[in-house]
Amino acid sequence: MPTLKYSDLIAEAKQEINEKGLVFEGKDGKTIKLRPILYLGKEELQVVQTMLNVVRDEQKDLFDRLEAIEKILVAAADRKDAFKKSLADLPPSVCTRIFEEWMEAGQVGEA
């Protein structure tokens, strides 16, 4: 019978985050990891789910959609405050690019 060990599962999860997440060098020069959706905590996942609905709704105002993208990225960041400060200085087109690259990095491969 196979045995799953907690320590092995944690190590695998950390490896997946490193492989499928997106690394961002923040305004402070330090690394910020944007974790894949499936590796977020329950509250973070709830934010992402709610905000993805806003991003996908083409009837929503552009400002609302851009704000939703920022909220999603902050939810995914391991250093939220540092990431917020970095995003504050970036134009919307750059935030959108980060979002797109993060979504692509976290995609699950096809079987």
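Bear in mind that the values here come from a model prediction, so they are computed numbers and not experimental data.

## Here's the deal with the packing of helix H3 (residues 62-76) against helix H5 (residues 92-105)
For any two helices packed against each other, the geometry is given by the interaxial angle and the distance between the axes. At a minimum axis separation of 10 Å, H3 and H5 run at an interaxial angle of 50°. On the basis of their axis angle, the class for H3 and H5 is oblique. Remark: the crossing between H3 and H5 carries left-handed chirality. Here H3 contributes Leu66, Ile69, Glu70, Ile72, Leu73 and Ala76 to the contact with H5, which in turn contributes Pro92, Cys95, Thr96, Ile98, Phe99 and Trp102. Within the contact of H3 with H5, the residues separate by chemical class into 10 nonpolar, 1 polar and 1 charged.

## Side note on the packing of aromatic side chains
Evaluation of the coordinates by the stated rule reveals 2 aromatic pairs. Judged by centre distance (6.2 Å) and plane angle (40°), the rings of Phe99 and Trp102 are tilted. With Phe99 and Trp102 both in helix H5 and 3 residues apart, the pair spans about one turn of that helix. On the basis of relative accessible area, Phe99 is assigned to the buried category, the value being 9%. Looking at Trp102, the relative accessible area reads 2%, which means it is buried.

How each quantity is defined
- Residues numbered from 1 in each chain as written.
- Predicted model: local features only at pLDDT ≥ 70, side-chain atom pairs only at ≥ 80, totals over all residues.
- Heavy atoms only, no water.
- Axes fitted to C-alpha atoms, helices over the stretch in contact; angles between N-to-C directions.
- Helix = DSSP H or I, 4+ residues; strand = E, 2+ residues; numbered from the N terminus.
- Parallel < 35°, antiparallel > 145°, perpendicular 65-115°, else oblique.
- Left-handed = near helix turned anticlockwise from the far one by under 90°.
- Contact = heavy atoms within 4.5 Å.
- Nonpolar A, V, L, I, M, F, W, Y, C, P; charged D, E, K, R; others polar.
- Phe/Tyr/Trp six-rings, centres within 6.5 Å; stacked < 30°, edge-to-face > 60°.
- Buried < 20%, exposed > 50% of the residue type's maximum accessible area, 1.4 Å probe, protein only.

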